[in-house]
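# Residue-level structure breakdown
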Amino acid sequence: MPDISLRERALSLLARFYGYHSFRPGQAEIIETVASGRDAVAIMPTGGGKSLCYQLPALLADGCGIVVSPLIALMQDQTQGLVANGIPAAAIHSNQDEDANRRIFAAAAAGRIKLLYVSPERLLLDIDRFRALKISLFAIDEAHCISQWGHDFRPDYTQLATIKESFPSTPVIALTATADRLTRDDIIAQLGLRDPYCYMSSFDRPNISLRAYTSPDKRTRIRFIADMARRYPQDSGVVYCLSRKGAEDTCRAITALGVKAVCYHAGMAPEQRDRALKAFLDSSAQVVCATVAFGMGIDKSNIRWVVHCNMPGNIESYYQEIGRAGRDGLPAEAVLFYSYADVVMRRNFANESGQREVNLEKLARMQAYAEARVCRRRILLSYFGEERNCDNCKNPPERFDGTILAQKALSAVMRTGQQVGIVMLTAILRGSQRFDIRQAGYDRLPTFGVGVDLTHAEWIHYITQMLQLGLLEMAYDRNNKLNVTPYGMRILRGQERITLSVCPPPQSYKVKKQSAADAIAAPSSPDKRLFEHLKTVRRQIAAARNIPPYLVFSDATLLEMSERKPRNLIEFMQISGVGEKKAASYAAIFLGEINASRSGDFAQMPKN
Ligand code: ADP
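Residues numbered from 1 in each chain as written. Predicted model: local features only at pLDDT ≥ 70, side-chain atom pairs only at ≥ 80, totals over all residues. Heavy atoms only, no water.

### A word on the overall build of the protein
- In terms of helices and strands, the protein carries 28 helices and 17 strands.
- Residue burial in the protein is summarised as follows: out of 608 residues, 55% are buried.
- Per element, the accessible surface of the protein, about 26500 Å² overall, is 51% carbon and sulfur. (Helix = DSSP H or I, 4+ residues; strand = E, 2+ residues; numbered from the N terminus. Buried < 20%, exposed > 50% of the residue type's maximum accessible area, 1.4 Å probe, protein only. Areas by Shrake-Rupley, 256 points an atom, 1.4 Å probe, with all protein chains shown as cover.)

Below you can see the structure in the form of C-alpha cells.
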C-alpha cells in the first residue's frame, strides 16, 4: 500500500525546493521505497530524472544522504544545482584541501548538510569519519561502473561492497542509465543489495530526432557541424570524435568557420579540461568537440544537438551520449556519421578487449542501428515508440532497380581478383588515373571507368549498401579487401535482381530546414521574442553571479514563463522549475520583464 502521507510530503518538498508539481514515471515509487528503508535500483535514461530519486528521500529523512559519484565535475555540478535550490549540499574529494574537507564533515555531523557527495576512494579512506555521521541513505550514482559487463568499469567501485557490510540497516540506491540485464544483476550482487526494488523506465526520448549517414568527406562534415551551431545560436552542441586528434582537428576547423568551440579529451591537463568544461557550461563556448571522456552526468539543459563523427562501439554508449541533448524535454537532434573505417577500428578494439564475444556482439547491434533502413527508434528501444522521430520514418528512402549498378561493382571486384578495398574499387569504377591503379594494371580492366557517371560519394554509398545487403563482404583479416559472396555472384550472373535505395543528394547532409529551433518557436509558443528576451536576462544574471545560466532557470522553465506570462508571485511559482529559493532570488526581475513585455516594452536589466 502506498503511504499517502509520505507521497504528499514528497510532493510538497518537490514543489518547495525544485518548483516541480508532479513526479516523472517511476520517481514516486522509488522515492517511497528508499524513504521506507528498502534498497533500490533505478535504471533510467540520461535526463530521466534519477537525481530526485535519492535527493528527495534524503530530504524526507533525518540525517545526511551520501552520494557516491565517479567524477569531481559531476559532484560540483550537482552540489551547485542543489544549493541554487536552497538545499544544503557539499562534496568531499581529494582535489579540495583537507581543511575544507574537515569543515564539511563537521557541518554534516552538526546536521547542516542534507546531501554529501563523495568519490568511492574517499568514502573508503574516510569510512570512520562517515561512521560518525547520521546517514539517511547511500546513493551509488553511475552504478554500472561497478560491473565489468558495463561499458565504463572502474576498479574503485568494486570496493563499494563494504557499504552494506558497514551500514547494514541503511538503504542503498543504485542508479544508472545502462539497462542491460547482466550489468543490473552484477550491480545487485556486487553491492550486496537485499531484495531491492528495481525500476527500469522506458528508454524512449521522443524529443530527440535520430539520423544516421554514411560519413561524407571531412569538409562536408565540418560544414554540417558549423551549420548546426549557426542554426541554434543560443544553444549548445556536442561533437563526439573517436580520437583525441579527431576532436582537436574538428575543434580547429569549426573555430576557423567562426564557431566558438572548445576541445575536451583525456589527454589534456586537468586545468585545461576544467577550463573547457566551464566555458561550455557557462555557454561562452557554444560547442564542445570531445572524445568519450566528456559528458558523464553533464546536466546542461540546452544542449540542442549531438553529432557523432564516428560510430561508437555499442548502443549503450551511443544512447548515453545522445541523451545529453534535449534534457529540458524540448526538441533536439542526434546525428551519427559512420563509415567502414569506424567498424574496422571498433572491431579491433573489441578483439583486443577482455570480453571479445560480448563486445563484438554489441558492435554488431550498433552497426545495425547505423545502417538501418527501418525505424531507428525501434532498434534503439525494445518496442515501437508511439512517436517515431527518425529519418527513415519521415523520409522513407527512394528505391530503384540497382542490378546493373551492382553488377558493375561486383564485376570490378572479381576482375581484380578480390584484391581491393572500398576506396580503390571506387577509383577503378570512376576511371581514376592514380599511380597505384596504373601500376597494378587495373586501368586495363574492362570495368575501368564504367562508373564515371556517379560521384565518389555516391559509389561509397552504394558499395556500403551492397555490404549491408550481403552482396559483398569485407575481409577484416585481409586489410579490409572486398569479397563477392555467393549471393553477390547470383546478382552478377543476372540470376537475381536487387533493389537499392537512392543516395541522398549532398544537400540532405545539411542541417534540417525545419529544425528543432523552429519547433521550439512553433505556433504553440506564443511569444518567441519574450522567450529570447528572458534568455538574455538569464544570461546577464548568470554573468553577474558567476554561475552557469541553466542554474538560474532551464529553457523549459523560461519557455513556460513566456507562454503563461505570470502576473504575480503566486502565478510565477506555478511555473515548473520555480521553487521557493529561485522565486525569492529572481521573481522580481522576471515578473518585471514579463510585465514590461505586455506593453510591448522590455525593461532594462537592473545593474548589479
Ligand atoms: P539523470 O540524472 O537521470 O540524467 P536528472 O536527475 O539530472 O537526470 O534530471 C534531468 C532534468 O529533469 C533535470 O533538469 C531535472 O531538474 C529535471 N526533472 C527531474 N525530475 C523532474 C520532475 N518530476 N518534473 C520536472 N522536471 C524534472
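### Some remarks on the sheet that holds strand β12 (residues 303-308)
- If you trace the six strands from one edge of the open sheet to the other, you get β8-β13-β12-β9-β11-β10, paired in parallel fashion. For this open sheet the edge positions go to β8 (208-214) and β10 (261-264), each flanked by a neighbour on one side alone. Between one strand axis and the next, the sheet turns by 15° as a mean value, whatever way the strands run.
- Of the pairings in the sheet, the one linking strand β9 (residues 236-240) to strand β11 (residues 287-290) comprises four bridges and is parallel in character. Along β11, the bridge assignment pairs Val-238 with Val-288. (Pairing = 2+ DSSP bridges. Axes fitted to C-alpha atoms, helices over the stretch in contact; angles between N-to-C directions.)

### Here's the deal with the packing of helix α19 (residues 403-415) against helix α22 (residues 456-469)
- Contact geometry for α19 and α22: axes closest at 11 Å, N-to-C directions at 85°. Here α22 runs roughly perpendicular to α19, going by the angle between their axes. On α22, the residues touching Leu-405, Ala-406, Lys-408, Ala-409 and Leu-410 of α19 are Trp-459, Tyr-462 and Met-466.
- Residue classes in the contact of α19 with α22 are distributed as seven nonpolar, no polar and one charged. (Parallel < 35°, antiparallel > 145°, perpendicular 65-115°, else oblique. Contact = heavy atoms within 4.5 Å. Nonpolar A, V, L, I, M, F, W, Y, C, P; charged D, E, K, R; others polar.)

### Quick word on the site of the ligand
- Around the ligand, 15 residues are found, and the nearest of them are Tyr-20, Gly-47, Lys-50, Ser-51 and Arg-327.
- The separation between an oxygen atom of the ligand and a polar main-chain atom of Gly-49 is 3.1 Å.
- Measuring from an oxygen atom of the ligand, one finds a side-chain N or O atom of Ser-51 at 2.7 Å.
- For the shell around the ligand, the leading source of residues is helix α3 (residues 50-60), giving three residues.
- Across the shell around the ligand, the residue classes break down as four nonpolar, seven polar and four charged. (Near = heavy atom within 4 Å. Polar contact = N/O pair within 3.5 Å; in protein donor to acceptor, adjacent residues only side chain to side chain.)

### Here's the deal with the pattern of salt bridges
- According to the stated counting rule, one finds 21 salt bridges in the structure shown.
- With a closest N to O distance of 3.7 Å, Asp-195 and Arg-38 form a salt bridge. Taken together, the residues span a long stretch of sequence, with Asp-195 in the loop between α10 (181-191) and β7 (197-200) and Arg-38 in the loop between α2 (27-35) and β1 (40-43) at a distance of 157 residues.
- Residue Arg-38 is classed as partly exposed on the basis of its relative accessible area of 35%.
- Salt-bridge contacts for Asp-555 lead to Arg-304; the nearest nitrogen and oxygen are separated by 3.9 Å. Of this pair, Asp-555 sits in helix α26 (residues 555-564) while Arg-304 sits in strand β12, and the two are 251 residues apart along the sequence. (Salt bridge = Lys/Arg side-chain N within 4 Å of Asp/Glu carboxyl O.)

### Things to note about the confidence of the model for the protein
- Per-residue confidence for the protein averages 86 on the pLDDT scale, and 89% of its residues sit at or above 70.
- Every residue in residues 382-388 is under pLDDT 50, and counting partners more than four places away or in other chains gives 10 contacts.
- Contacts of residues 521-525 to residues separated by more than four positions or lying in other chains number five contacts, the stretch itself having pLDDT below 50. (pLDDT = per-residue confidence, 0-100.)

### Quick word on the packing of aromatic side chains
- Across all of its chains, the model carries 15 aromatic pairs by this definition.
- Pairing Phe-553 with Tyr-586 gives two aromatic rings, centres 5.6 Å apart and planes at 70°, and the pair type is edge-to-face. Of this pair, Phe-553 sits in the loop between α25 (528-545) and α26 while Tyr-586 sits in helix α28 (residues 580-598), and the two are 33 residues apart along the sequence.
- Pairwise contacts between aromatic rings join Tyr-240, Tyr-264, Phe-280 and Phe-294 into one cluster.
- Cation over ring: Lys-300 sits above Phe-280, and NZ or CZ is 5.4 Å from the ring centre. (Phe/Tyr/Trp six-rings, centres within 6.5 Å; stacked < 30°, edge-to-face > 60°. Lys NZ or Arg CZ within 6 Å of the ring centre and 35° of its normal.)

### Details of the side chain of Asp-141
- Examined against the element boundaries, Asp-141 turns out to sit in the loop between β5 (135-140) and α8 (155-158).
- It is Lys-50 that comes nearest to the buried, bridge-free Asp-141 among opposite-charge side chains, at 6.3 Å.
- If sequence neighbours within four positions are ignored, Asp-141 has contacts with Tyr-54, Val-68, Pro-70, Leu-74, Tyr-157 and Leu-175. (Lys, Arg positive; Asp, Glu negative; His and termini not counted.)

### Comments concerning the environment of Ser-22
- Topologically, Ser-22 is positioned in the loop between α1 (4-18) and α2.
- The exposure class of Ser-22 is exposed, given its relative accessible area of 51%.
- Placed 12 residues apart in sequence, Ser-22 and Ala-10 show a C-alpha to C-alpha distance of 10.0 Å.
- Contact partners of Ser-22, with chain neighbours within four places excluded, come to Leu-11 and Leu-14.

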